[in-house]
Amino acid sequence: MFGIDRRLFQNFDWMLLLLVASIVAVGLVNLASATHVEDELNEEMRRQLFSLSLGGVALLAALLIDYRHFERFALPAYAVCLILLATTLLFAPVTRGSQSWLFGGRLQPSELAKLGLILALARYFHRNPLGEIQRLRDLGRPGLIALLPVGLIVAQRDMGVALLTLLIGSTYLAFTRISWRSWIGVAVVGVAALITLWMFVLAPYQQRRILDVVDPGRDPLSSGYQAIQSRIAIGSGGLMGTGYRAGTQTQLRFLPTQHTDFAFSVLAEEWGFVGSCGVLTLYLILILWGLRISRNSKDSFGALLAVGLVSTILWPVILNIGMVLGLAPVIGVPLPLFSYGGSALVTSLFGLGLLMNLSMRRYTF
Amino acid sequence: MSDEEIGGGRRLVGGVDPALTRRLPIVAAVMMLPFAIFFLRLFQLQVIEGEDLGNRARRNSVRKVRLEAARGDILDRHRRELATTRPAFGVQVMPAELRRRELTLTALGSLLDEDANALLERVGTPKGRQRFVPVRLARDLPYDAHTRVESHLYALPGVLTDVSPRRFYVGGEMAAHLLGYTGEIQREQLEKRSFADYRSGEVIGQSGVERRFESTLRGRAGGRNVVVDVAGRVDEVLDEVLPAPGGAVVLTIDRDLQHAAEAAFRPEVIGGPAKRGAVVALDPRNGEVLVLASRPAYDPNAFAGGIDADTWKQLTEDAALPLQNRALAGQYPPGSVYKAFVAAAALEEKIVDPKERVYCPGSFKLGRRTYRCWKRGGHGAVNLHEALVGSCDVYFYQLGLKLGIDRMAFFGKGFNLGRRSGVDVGGEAAGLVPTRAWKERRFGEVWLKGETVSASIGQGFNLTTPIQLAVGYAAIANGGKLFEPRILLGTLDADGKLSRGPGPRRLGTVPVAAEHLATVTRALEGVVHEIGGTGARARIPGVRVAGKTGTAQVVQIKHTEGMEDDEIPLEHRDHGWFAAFAPVEAPEIVVVALAEHGGHGGSAAGPIVNAVLTRYFEVKAGKAAPEEPVPAAEGARVVRN
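Residues numbered from 1 in each chain as written. Chains lettered and ligands numbered in written order. Predicted model: local features only at pLDDT ≥ 70, side-chain atom pairs only at ≥ 80, totals over all residues.

1. Some words on the overall build of chain B
Then, in step 1: Scanning chain B from terminus to terminus reveals 25 helices and 23 strands.
Then, in step 2: Per-residue burial over chain B gives 44% buried out of 641 residues.
Then, in step 3: Considering only residue pairs separated by 6 or more positions, chain B has 74% of its internal contacts joining residues 24 or more positions apart. (Helix = DSSP H or I, 4+ residues; strand = E, 2+ residues; numbered from the N terminus. Buried ≥ 20, exposed ≤ 12 C-beta atoms within 10 Å, placed from the backbone. Contact = placed C-beta atoms within 7 Å.)

What follows is the structure in structure tokens.
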């Protein structure tokens, strides 16, 4: 099954690789500026370059095995992710209010869990076609598949990643045949139940506690501060930007977490409207390209997997850019392929490797 | 392996779900929608508002200032301050904003009375991101030094002043062990889930009341986003969340009595060099703790701004153990104070006729060993009452042998000895009431009769803490009710309204009938008021006091035989105990005092009890106004990091 067919090489998706490489490259240049220290290669750059080489290996590994074998590995992979999540919950120390790192901060199982979840869901919907799902109760089992990892991530108090995982899982809902009326019914009942619970059941201190959980920025001003600074940084970029390493907001470190969650504001300040639109366009093409791969797939497992993989890029992009532009609340979701962060980069590259795998094997049968 | 085998599922090669293919274009269109919004938003921010926001960035920027919350006060039962919060004035330097570094720091040095070179060295020449991390030069400046800096701030770019709340223990050493101290949160604490909403550097209660009631005392920090100009001066406040101060904790402690108890630990009061010991006073009607003192003590104010290594080392290595709370964690043989419980046990078990007399020649022989009575010449013929009044050891040796060790232990435990009392501040030691089974387990040896003899006068293996004895004596005083001692009276809300803590909690009833306790109480009154009683030092005019002295041996008599009191090395001197309650007809206060290595109970601990009772009844009779003892505060000073 490892036989390297010449056709595979001919069919390799160079376009996808180019898109990914461009985003990663811009991200690195941006990181270099955001963490710039005079006269030395700083720690963050060194670690990110190391993660990138690891990610490259992961990407190649994802290409090797014919994706159709993944279906058999889907459930074990999903189970391993759940076990890792549970282990984290039991043994990992609490850092910055949440508890999501294993092995001294080198592995974030919630990142892996996103891939485990889409593998498991793709397998499920491969066997139970989405087109045949017409009633709400048909969603019971896939719902459970999605909620298990989400629940474990919520228990780690990592609300950003939990929300992300939930959104990724629910991408598949767009393809079901459940009628609009059912959805409206669900929404009405759900909202009514939540309001009743909030107003009549929960005591004020419980309400506050829930709000505290929903807003993990324990410092009451930190989110407002970040939003203001981010706005100033983006705005001061203007049309053409201040130029590389010339952004005052960035270079004077007014932006907190400017190399992780707010990396895009650094780009917007230094490269202006032109640069930020350029990067956004790269993401948009990447997403549409991924959907094209899904459409060209010859089997439904591949098509489903491609949709899932696209959603692992789509949702964090929407949440992160929305937050940076002051359109969404400040929740700590990094920009995939772009922000500083090893675990996320390696898993993203692995996921995109799978997408290339799907793409180059589209003619193999 | 063929393709057919690979898929494994129902749908195999070629069968893409038609629902998927049909919906994909719609889904793609929906996915493009947020991107369209992003492009528009970028256009708005960068092209339309760009110039405006760019100016704001150039005009220097928004800075976040954290506003620390004041910790809640700790008050005594009459709402008098035990611990409060005062402002501490500090100075920081932002290296990136310093201009003419040497000149600025030299000027600052002269304002702070500090050596300019030392300041230059502490600020250093940080590079990169470090230039934006403020360096703290002073945490707790005297008010006038702070004013001097403040009024020259315009000429000192890069120098920042701040005011932060700082813990202040009103009485210095007063009730130090009970109140505990605060300090920066430890690394290990930060990693625990229960401290998830703390940030590093935050101040947290590390012992005593400060730790136990941390969640009430801790406030909620606020902050503000401010626009600062080039010189670091605040131009405009954008958002502000005011800090919410912590809630006040009201203790059952009476500050006045606490002060009296601690002041009594002076050579001129206790007539000896002993400065170590403990005092516990309780209300026997409900278990509320009025006094909880331990000596020697330390000044928790030294911890408030981070203690320096030398002071800490000195405190932890001091042989007198100033950090130990002797009232709760100090375990000592009870000595003759224990006799009241032995007497109650014998009465309940009906193995003694209170009228029957036993002859005390000054010693007692068991087998080949001779056990001495403390009174060399002997007490002569004494009954139970007289034996307690004169603290006759020989009488109790025989009583103990009749009871046997296990029965004695049953009653000892019945008065809550050898067990943590459950006082709500925590940090207690359990003490020990020995039994046959315990010795078997602990040493694998059988119990010896001679050990029963020692146990009957509270020697041997017996270990008690001052608070245990206070609980036991409170039960004698109140007719047999055992109360869990309480420190917390309640908490105050923002309007100063008291919400009471949990009320008195009964641990149970002692296994002795009230009439027998009354018999014991009559004898204890005799200890203080009759001729020949050992506790005359606790007498106070106009009040009937009941009490018992105790002198706990630390080493065997042969080591100190024939020595004058002041020749005996301190560590070999006896511990003096005194346990008392008053007024006898309706007891309101129990006081237990321990003078560690203080010598005889009557002379060493009696005056301490006397001081507390005197103060209590003077204030009660209105003869003395409750004073406001505010011992001199430690002067504020420049603190180095």
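And the narrative resumes.
2. Considerations on the overall build of chain A
Then, in step 1: Secondary structure assignment for chain A yields 14 helices and 0 strands.
Then, in step 2: In chain A, which comprises 365 residues, the proportion classed as buried is 48%.
Then, in step 3: If you take every contact in chain A between residues at least 6 apart in sequence, the share linking residues at least 24 apart comes to 75%.

3. Regarding the sheet that holds strand β21 (residues 546–552) of chain B
Sheet strands pair via backbone hydrogen bonds, and the direction of the pair is either parallel or antiparallel.
All names here are of chain B.
Then, in step 1: Read from one edge to the other, the open sheet built from 5 strands follows the order β12-β11-β23-β22-β21, with strand pairing classed as antiparallel. Of all strands in the sheet, those bounded by a partner on one side alone are β12 (289–295) and β21. Averaged over all pairs of adjacent strands, the angle between their axes in this sheet comes to 5°, without regard to strand direction.
Then, in step 2: Relative to strand β23 (residues 589–595), strand β22 (residues 575–582) is paired through 7 bridges, and the arrangement is antiparallel. The residue of β23 that forms the bridge with Phe-578 is Ala-593.
Then, in step 3: Sitting on the sheet, helix α11 (residues 255–263) touches β11 (277–282) and β12, and the angle it makes with β12 is about 30°.
Then, in step 4: Each of β11, β12, β21, β22 and β23 touches helix α25 (residues 601–620); the most contacted strand, β22, lies at about 30° to it. (Pairing = 2+ DSSP bridges. Axes fitted to C-alpha atoms, helices over the stretch in contact; angles between N-to-C directions.)

4. A word on the nonpolar core
Soluble globular proteins tend to bury their nonpolar side chains together.
Then, in step 1: Core analysis: the biggest nonpolar cluster contains 128 residues, and B:Val279, B:Val280 and B:Val612 have the highest contact counts within it.
Then, in step 2: Judged by nonpolar contacts, the second largest core, of 99 residues, contains A:Leu115, A:Leu119, A:Ile321 and B:Leu20. (Core = buried A, V, L, I, M, F, W, Y, C linked by C-beta atoms within 7 Å.)

5. Some details on helix α3 (residues 43–64) of chain A
Residues that lie three or four places apart on an α-helix share one face, since the helix turns once every 3.6 residues.
Residues and elements named next belong to chain A.
Then, in step 1: Spanning 22 residues, α3 covers 32 Å between terminal C-alpha atoms, matching the ideal 32 Å at 1.5 Å per step.
Then, in step 2: Restricting attention to buried positions, one finds in α3 the residues Gln-48, Gly-55, Ala-58, Leu-59 and Ala-62. Seen end-on, α3 carries its buried residues on one side only, within an arc spanning 105°. When the buried face of α3 is taken as reference, the exposed residues oriented beyond 90 degrees from it are Arg-46, Phe-50, Ser-53, Ala-61 and Leu-64.
Then, in step 3: On its buried face, α3 sits against α2 (14–34) and α14 (342–360). (Expected span 1.5 Å × (residues − 1). Arc of directions from axis to C-beta.)

6. Quick look at the packing of helix α4 (residues 101–112) of chain B against helix α5 (residues 116–123) of chain B
Residue and element names in this part refer to chain B.
Then, in step 1: At their nearest, the axes of α4 and α5 sit 8 Å apart, and the two run at 125° to each other. In terms of orientation, α4 lies oblique with respect to α5. Crossing geometry of α4 relative to α5 is assigned as right-handed. Across the interface between the two elements, Glu-102, Leu-105, Thr-106, Leu-108 and Gly-109 of α4 pack against Ala-116, Leu-119, Leu-120 and Val-123 of α5. (Parallel < 35°, antiparallel > 145°, perpendicular 65-115°, else oblique. Left-handed = near helix turned anticlockwise from the far one by under 90°.)

7. Considering unusual backbone geometry
Residue and element names in this part refer to chain B.
Then, in step 1: The step from Arg-295 to Pro-296 runs through a cis peptide bond, and the omega angle for that step is -5°.
Then, in step 2: Counting through the fold element by element, Pro-296 comes out in the loop between β12 and α13 (301–304).
Then, in step 3: In this structure, the amide linkage connecting Ala-582 to the following residue, Pro-583, adopts the cis form with an omega of -15°.
Then, in step 4: Inspection of the secondary structure puts Pro-583 in the loop between β22 and β23.
Then, in step 5: The backbone of Ser-391 shows a phi angle near 55°, a positive value even though the residue is not glycine.

8. Observations regarding the environment of B:Ala83
Residues and elements named next belong to chain B.
Then, in step 1: Mapped onto the fold, Ala-83 is located in strand β3 (residues 81–93).
Then, in step 2: Since 29 C-beta atoms lie within 10 Å of it, Ala-83 is described here as buried.
Then, in step 3: Setting aside its immediate chain neighbours within four residues, Ala-83 contacts Asp-73, Ile-74, Arg-167, Phe-168, Tyr-169, Val-170 and Leu-179.

9. Regarding helix α19 (residues 405–414) of chain B
All names here are of chain B.
Then, in step 1: Regarding α19, the residues found buried are Ile-405, Met-408, Ala-409, Phe-411, Gly-412 and Gly-414.
Then, in step 2: Residues of α19 that are buried sit in contact with α16 (339–348), α18 (393–403), α20 (436–443) and α21 (449–455).
Then, in step 3: The positive-phi residue at the C-terminal boundary of α19 is Asn-416, with phi of around 70°.

10. Quick look at the packing of α3(A) against α14(A)
Residues and elements named next belong to chain A.
Then, in step 1: Running from amino to carboxyl end, α3 crosses α14 at an angle of 25°, the nearest separation of the two axes being 8 Å. Overall, the two elements α3 and α14 adopt an arrangement that is roughly parallel. The two elements α3 and α14 meet at a crossing, and its hand is right-handed. Seen from α3, the contacting residues are Arg-47, Ser-51, Leu-52, Leu-54, Gly-55, Gly-56, Ala-58, Leu-59, Leu-60, Ala-62 and Leu-63; seen from α14, they are Gly-342, Leu-345, Val-346, Leu-349, Phe-350, Leu-352, Gly-353, Leu-354, Met-356 and Asn-357.
Then, in step 2: For the contact of α3 with α14, the class distribution of residues is 14 nonpolar, 6 polar and 1 charged. (Nonpolar A, V, L, I, M, F, W, Y, C, P; charged D, E, K, R; others polar.)

11. Notes on the pairing of β21(B)
Residue and element names in this part refer to chain B.
Then, in step 1: Within β21, 7 of the 7 residues are buried, leaving the element largely enclosed by the surrounding structure.
Then, in step 2: Side chains of β21 alternate between two faces, with Ala-546, Lys-548, Gly-550 and Ala-552 and Gly-547, Thr-549 and Thr-551 buried alike.
Then, in step 3: Bridging between β21 and β22 involves 7 bridges; their strand directions are antiparallel. Opposite Gly-547, over in β22, you have Ala-580 as the bridge partner.

12. Here's the deal with the confidence of the model for chain B
All names here are of chain B.
Then, in step 1: When pLDDT is averaged along chain B, the result is 83; 87% of the residues meet or exceed 70.
Then, in step 2: Of all helices and strands in chain B, the one with the weakest mean pLDDT is helix α1 (residues 3–7) (41), whereas helix α22 (residues 466–477) scores best (95).
Then, in step 3: Confidence over residues 1–14 falls short of pLDDT 50; this stretch has 28 contacts with residues more than four positions distant or in other chains.
Then, in step 4: Considering only residues more than four positions removed or in separate chains, one finds that residues 629–641, a stretch of pLDDT under 50, has 23 contacts.
Then, in step 5: Our summary of model confidence lists the complex with pTM equal to 0.62 and ipTM equal to 0.87. (pLDDT = per-residue confidence, 0-100.)

13. What about the environment of B:Gly72?
Then, in step 1: Along the chain, B:Gly72 falls in the loop between β1 (62–67) and β2 (74–75).
Then, in step 2: Separated by 138 residues in the primary sequence, B:Gly72 and B:Glu210 have C-alpha atoms spaced 9.7 Å apart.

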